[in-house]
Amino acid sequence: MVLKLHGAPYSTCTQRVLLVCKELNVPYEFVNVNIRVGEQKDPAYMKNQPFGQVPFIDDDGFILFESRAIARYLAQKHGSPLNPVGDLKKLALFEQAASIEQADFDPYAYGYALEKIFKPQSRDGGLQPNDAFAEQLKGTLEKKLQGYEAILGKQKYLAGDEVTLADLFHLPYGALITNALKFTGLTDSPHIARWWKDITARPSWQAVGNGA
């Protein structure tokens, strides 16, 4: 059976999985979940994703949710070096880079987007954006990116000289805040800018980012 991906195409977490599917040339059937009307909170949906979030996959009856876990699963299943499980030191450096994305990038990029994009677009209008907090998150992210500049001044990608999932995990939120909020932290510093230009030019992201 072909892999089924349940998600929303404009969801950053769904985009993370779509990106990996395209990187690996994995055939998939996309099952659209209308999160704008709350389909992800339907009881039938929550049998497979108990937190009522997108995405999840159904791989011939194997259900898995959480976009980074799905990405790792697919990369390992298809023997991709995007998840270098066969080399202990490369795997350790990959896990280090993946931790950097999840601890030093995602909370601030997501929080910035939440305050400036998601809250103003909330369906019920009950979420009030906090502009001061948004600026604080932006400033923290800019400081965190100084560490990225140091790392990328010594190597091509975050885990070494080969691209991994850790690099690709940055794309959905990085592109969102860069394009929608004119965030310049990914383009101002030379080594980050070189890395960002590289990963955003990948055909997989070009397809996902352009809605293909």
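Residues numbered from 1 in each chain as written. Predicted model: local features only at pLDDT ≥ 70, side-chain atom pairs only at ≥ 80, totals over all residues. Heavy atoms only, no water.

As annotated in an unreviewed UniProt entry, the protein chain is glutathione transferase from Rickenella mellea. Quoted verbatim from the Catalytic activity (unreviewed entry) field of UniProt, the annotation for the protein chain is "RX + glutathione = an S-substituted glutathione + a halide anion + H(+)". (UniProt positions renumbered as here; feature names shortened; annotations may be inferred.)

J.: Quick one: what's the story with the layout of surface pockets, residue by residue and with numbers?
T.: Leftover empty space is mapped by rolling, across the atoms, a probe with the size of a water molecule. Here the largest pocket is characterised by a volume of approximately 1,400 Å³. Taken together, 39 residues line the largest pocket, and the ones lying closest to its centre are S11, T12, I35, F118 and Y173. Looking at the lining of the largest pocket, the elements with two or more residues in it are α1 (12–24), α3 (67–77), α4 (88–118), α7 (171–181) and α9 (203–209). Looking at the lining of the largest pocket element by element, the count peaks at 6 residues for α4. (1 Å grid on protein atoms, 1.4 Å probe; cavity = no way out; pocket = protein on both sides within 12 Å on 5 of 7 lines; lining within 4 Å. Points joined across faces, edges and corners; volume = space filled by probe spheres on them. Helix = DSSP H or I, 4+ residues; strand = E, 2+ residues; numbered from the N terminus.)

J.: Can you break down the sheet that holds strand β4 (residues 62–65) residue by residue, with the values?
T.: Pairing is mixed across the open sheet formed by 4 strands, whose spatial order is β2-β1-β3-β4. Since the sheet does not close on itself, it has two edges, and those belong to β2 (28–32) and β4, each with one partner. Across the sheet, the mean angle from the axis of one strand to that of its neighbour is 20°, orientation sign disregarded. Sheet topology note: the strand β1 (residues 3–7)/strand β3 (residues 56–59) ladder contains 3 bridges and is antiparallel. Bridge pairing links H6 to F56 in β3. Those strands touched by α1 are β1, β2 and β3, and its axis lies near 165° from that of β2. Set on the sheet, α3 makes contact with β1, β3 and β4; between it and β4 the angle comes to about 130°. (Pairing = 2+ DSSP bridges. Axes fitted to C-alpha atoms, helices over the stretch in contact; angles between N-to-C directions. Contact = heavy atoms within 4.5 Å.)

J.: Any details on the packing of α1 against α3? Residues and values, ideally.
T.: Put simply, α1 and α3 touch, their axes get as near as 9 Å, and they point 10° apart. It follows from the interaxial angle that α1 and α3 lie roughly parallel. For the pair α1 and α3, the contacting residues are C13, R16, V17, V20, C21 and L24 in the first and S67, R68, I70, A71, L74 and A75 in the second. In the contact of α1 with α3, the residues fall into 9 nonpolar, 1 polar and 2 charged. (Parallel < 35°, antiparallel > 145°, perpendicular 65-115°, else oblique. Nonpolar A, V, L, I, M, F, W, Y, C, P; charged D, E, K, R; others polar.)

J.: An account of the pattern of salt bridges is needed here, citing residue identities and associated values.
T.: Across all of its chains, the model carries 10 salt bridges by this definition. With a closest N to O distance of 2.6 Å, K77 and D59 form a salt bridge. Residue K77 is found in helix α3, and its partner D59 is found in strand β3; the two are separated by 18 residues along the sequence. With a relative accessible area of 9%, D59 lands in the buried category. As a salt-bridge pair, K116 and D131 come within 3.6 Å of each other at their nearest N and O atoms. Remark: D131 occurs in helix α5 (residues 131–152) and K116 occurs in helix α4; sequence separation between them is 15 residues. Using a relative accessible area of 32% as the deciding quantity, one classes K116 as partly exposed. Assessed through its relative accessible area of 47%, D131 is described here as partly exposed. Several salt bridges converge on common partners, so that one network encompasses R16, R68, E101 and D106. (Salt bridge = Lys/Arg side-chain N within 4 Å of Asp/Glu carboxyl O. Buried < 20%, exposed > 50% of the residue type's maximum accessible area, 1.4 Å probe, protein only.)

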